[in-house]
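Remarks on the overall topology
Listed here are the chains, written in short residue letters.
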Amino acid sequence: MSDSLKDRLKTDLQAIKTEGGNRTSRIREIIQTAATQSMTELKEGMGEIRATANQSISTVAQTLNDAETPESSEAPSFSTIFKGLGKRLVNQLRSQLVNLDAKLATQYGNRYETVKQRIGLFQLWYDKTKANAEASGIDPVQQKQAEIELKIANQGAFVARKEQQIRQQVKEYLNTVISKS
């Protein structure tokens, strides 16, 4: 094989290395940007939902207060009726939950009790974790986002190392082919 073929192969190998490195960097940036944008959209969406729900509740409460007629003291107010219906609904739901709990305990026995205990333990863990996060001022969503970005960066580095290994193997293979010719 001539020197010009070796030079051309070296040039091609160098071009492959450069393009692969650039491609890996672009992929890493795209993934990081996508993860960041997704988390931002989730946060904004939750904020919008929370604001809309609060506004709706305030509007309903204001409407009920405005609809009360102060002139007729004998007629119950809308807010009184609303509260009474709320209490009644809560009592019905509690009664249904007690019945469901008894039915599940009868039907599934110890398995149901085990699941119920695990759910209780999960709820305690969740409440404790939430309280700790609020007390420390660390937003769990931001913490998870940082963890994901770190994992992505690590994966990008891993891909770059693998790419370098493959390049080295291709280079060795080409050198072997060239030297045999």
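This one's a predicted model, so the numbers in the text were calculated from it and none came from an experiment.

As a further point, take the overall build of the protein. Across its full length, the protein carries four helices and zero strands. Ordered by position from N to C terminus, the α and β elements of the protein give α-α-α-α. When burial is assessed residue by residue, the protein has 9% of its 181 residues classed as buried. Residue pairs at least 24 apart in sequence account for 72% of intrachain contacts in the protein once pairs closer than 6 positions are excluded. Only carbon and sulfur atoms are counted for the fraction: they give 59% of the accessible area of the protein, which is about 14,900 Å².

The next thing to look at is the environment of K171. Note on placement: K171 falls in helix α4 (residues 140–180). When sequence neighbours within four positions are dropped, the list of residues in contact with K171 reads L13 and K17.

This part is about a nonpolar patch on the surface. Among the surface-exposed residues, F122, W125 and Y126 lie close enough to one another that they form a single nonpolar patch of about 380 Å² accessible area. Tracing the chain through its elements places Y126 in helix α3 (residues 110–136).

Assignment of secondary structure puts R167 in helix α4. Residue R167 is classed as buried on the basis of its relative accessible area of 11%. Of the polar contacts made by the side chain of R167, one reaches the side chain of E163; its length is 2.2 Å. Those residues in contact with R167, other than ones at most four positions away along the chain, are L13, I16, K17, T18, G20 and G21.

Right, let's get into the side chain of Q145. In this structure, Q145 sits in helix α4. With relative accessibility at 13%, the residue Q145 sits in the buried group. The contacts of Q145, once residues within four sequence positions are left out, are T36, M39 and K43.

What follows deals with the pattern of salt bridges. Summed over the entire model, instances satisfying the criterion amount to four salt bridges. The salt bridge partner of R23 is E19, with a shortest N-O separation of 3.0 Å. Here R23 and its partner E19 are both found in helix α1 (residues 3–67), four residues apart, which amounts to about one turn of the helix. A relative accessible area of 44% means that R23 is categorised as partly exposed. Taking the shortest distance from any N to any O, the salt bridge between K116 and D101 comes out at 3.0 Å.

Over its 27 residues, α3 runs 39 Å from end to end, which matches the ideal 39 Å to within 8%, given 1.5 Å per residue. Positive phi shows up at G137, right after α3, with a value of about 80°.

Criteria and cut-off values
Residues numbered from 1 in each chain as written. Predicted model: local features only at pLDDT ≥ 70, side-chain atom pairs only at ≥ 80, totals over all residues. Heavy atoms only, no water. Helix = DSSP H or I, 4+ residues; strand = E, 2+ residues; numbered from the N terminus. Buried < 20%, exposed > 50% of the residue type's maximum accessible area, 1.4 Å probe, protein only. Contact = heavy atoms within 4.5 Å. Areas by Shrake-Rupley, 256 points an atom, 1.4 Å probe, with all protein chains shown as cover. Patch = residues over 30% accessible without salt bridge, like charges linked within 9 Å, V, L, I, M, F, W, Y side chains within 5 Å. Salt bridge = Lys/Arg side-chain N within 4 Å of Asp/Glu carboxyl O. Polar contact = N/O pair within 3.5 Å; in protein donor to acceptor, adjacent residues only side chain to side chain. Expected span 1.5 Å × (residues − 1).

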